[in-house]
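# Commentary on secondary and tertiary structure
One letter stands for each residue in the lines below.
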Amino acid sequence: MLNKPREGELFKVVRHEGKDFFIYYGYYDDMERKSKYNDPLPIYPDFQKTPEYTDDGYPFVTGIQDVCEHYEGRCPEDGCHSCKYYCGGDDLIGVCKNIKTNRNK
């Protein structure tokens, strides 16, 4: 029998573009926490609230976050991962490579 994840436990460390992101189990809102049927899930950084950038000035994004005004893709409801500017791996953390989002340009 597998142990259920507990809130606050480390899910994994994602390394992308030379930075480490620690992904912990938790809840995105209190409603999820109060339900007896919801187990904690991996909580990814909210780069829209707390932006982080690559060394060359591009913003980190998660593939599941809401798209920005520079989105170019088929279905914005799918999140950033369906944008042509999203450059990421299998871990849902990527980088927006649109020159308009680069803070150094």
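In the block above lies the structure referred to throughout.
The structure displayed is predicted, hence computed values, not measured ones. (Residues numbered from 1 in each chain as written. Predicted model: local features only at pLDDT ≥ 70, side-chain atom pairs only at ≥ 80, totals over all residues. Heavy atoms only, no water.)

### What about unusual backbone geometry?
- In the Ramachandran plot, glutamate 17 falls in the positive-phi region, its phi being about 55 degrees despite a non-glycine side chain.
- Tracing the chain through its elements places glutamate 17 in the loop between strand S1 (10-16) and strand S2 (19-26).
- Residue leucine 92 is not a glycine yet carries a positive backbone phi of 70 degrees. (Helix = DSSP H or I, 4+ residues; strand = E, 2+ residues; numbered from the N terminus.)

### Some details on the sheet that holds strand S6 (residues 93-96)
- One open sheet accounts for 3 strands, arranged S4-S6-S5; its pairing is antiparallel. A strand with exactly one partner marks an edge of an open sheet, and here the two such strands are strand S4 (60-62) and strand S5 (86-88). Each adjacent strand pair in this sheet contributes to an overall mean axis angle of 45 degrees, direction not counted. (Pairing = 2+ DSSP bridges. Axes fitted to C-alpha atoms, helices over the stretch in contact; angles between N-to-C directions.)

### Observations concerning the sheet that holds strand S3 (residues 41-43)
- A sheet is described by the order of its strands in space; here 3 strands give the open sequence S1-S2-S3, paired in antiparallel fashion. Pairing within the sheet leaves two strands with one partner each, and these edge strands are S1 and S3. Strand-to-strand twist of the sheet, defined as the mean angle between neighbouring strand axes without regard to direction, takes the value 30 degrees.
- The pairing of S2 with S3 spans 3 bridges and is antiparallel. Its bridge partner being in S3, tyrosine 25 is matched across the sheet by proline 42.

### A word on the pattern of salt bridges
- All told, the structure shown has 7 salt bridges when counted by the stated rule.
- Of the charged contacts in the structure, one is a salt bridge between aspartate 39 and lysine 4, with a shortest N-O distance of 3.9 Å. On the criterion of sequence distance, the pair formed by aspartate 39 in the loop between helix H1 (30-34) and S3 and lysine 4 in the segment before S1 is long-range, its members being 35 residues apart.
- Overall, the relative accessible area of 37% leaves aspartate 39 in the partly exposed class.
- Lysine 4 gets classed as exposed once you look at its relative accessible area, which sits at 59%.
- Between arginine 33 and glutamate 7 there is a salt bridge, with the nearest N and O atoms lying 2.5 Å from each other. Residue arginine 33 is found in helix H1, and its partner glutamate 7 is found in the segment before S1; the two are separated by 26 residues along the sequence.
- Arginine 33 sits in the partly exposed class, given a relative accessible area of 36%.
- Among the ionic contacts, a cluster of salt bridges with common partners joins Glu7, Asp30 and Arg33. (Salt bridge = Lys/Arg side-chain N within 4 Å of Asp/Glu carboxyl O. Buried < 20%, exposed > 50% of the residue type's maximum accessible area, 1.4 Å probe, protein only.)

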